[in-house]
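These are the residues of each chain, in order.
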Amino acid sequence: YKVFMIEISRTYRALEFKDDLKKLYDMAGTKNQPTVFLFNDTQIVMESFLEDINGLLGSGEVPNLFAADEVNGIREAVRADATKAGMGESPQEIWEFFIERTRSNLHVVLCMSPIGEAFR
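Residues numbered from 1 in each chain as written. Predicted model: local features only at pLDDT ≥ 70, side-chain atom pairs only at ≥ 80, totals over all residues. Heavy atoms only, no water.

Asks: Whenever I open this one, the packing of aromatic side chains confuses me. Can you help?
Replies: For any pair of aromatic rings, geometry is given as the distance between the ring centres together with the angle between the planes. For the coordinates displayed, the defined rule picks out nine aromatic pairs. Pairing tyrosine 25 with phenylalanine 66 gives two aromatic rings, centres 5.5 Å apart and planes at 85°, and the pair type is edge-to-face. On the criterion of sequence distance, the pair formed by tyrosine 25 in helix H1 (residues 14-30) and phenylalanine 66 in the loop between helix H2 (48-58) and helix H3 (68-84) is long-range, its members being 41 residues apart. Comparing tyrosine 25 with phenylalanine 66, the two get one shared label, buried. Summarising the aromatic geometry, the rings of tryptophan 95 and phenylalanine 98 are spaced 5.0 Å apart at their centres and angled 40° between planes, so their arrangement reads as tilted. With a gap of three residues between them, tryptophan 95 and phenylalanine 98 both fall in helix H4 (residues 91-105), about one helical turn apart. By relative accessible area, which is 10% here, tryptophan 95 ends up buried. Relative accessible area serves as the criterion here: at 0%, phenylalanine 98 is assigned to the buried category. In this structure an aromatic cluster arises from ring pairing among Phe4, Tyr12, Phe17, Phe37, Phe39 and Phe49. (Phe/Tyr/Trp six-rings, centres within 6.5 Å; stacked < 30°, edge-to-face > 60°. Helix = DSSP H or I, 4+ residues; strand = E, 2+ residues; numbered from the N terminus. Buried < 20%, exposed > 50% of the residue type's maximum accessible area, 1.4 Å probe, protein only.)

Limitation: the analysis is restricted to geometry and does not speak to function.
So, in structure tokens, the structure goes:
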């Protein structure tokens, strides 16, 4: 497994977090690489980060993460693998293959400290 952690800086906000999530999807879904996303409570710069992680854990998808042209690029990148796996040719089936492969390759490790007011 490849371990992936985000690097927080002064200017790290939602846009940078979404870009990092796209990298995770690329590693786990497009490149079919087993990946661990290690995320700790000190990296929660914005509460929306937790909402995105909740979507990732719940359904395997982060709402509105990819633009339409990015989705098409991902579909093309995994089309051959989806066909080999016996999936249909429709865009929806290829996207479902990508999400399922991401879910099977991506493991999320959340590290939360019970110390401090933010956790309570």
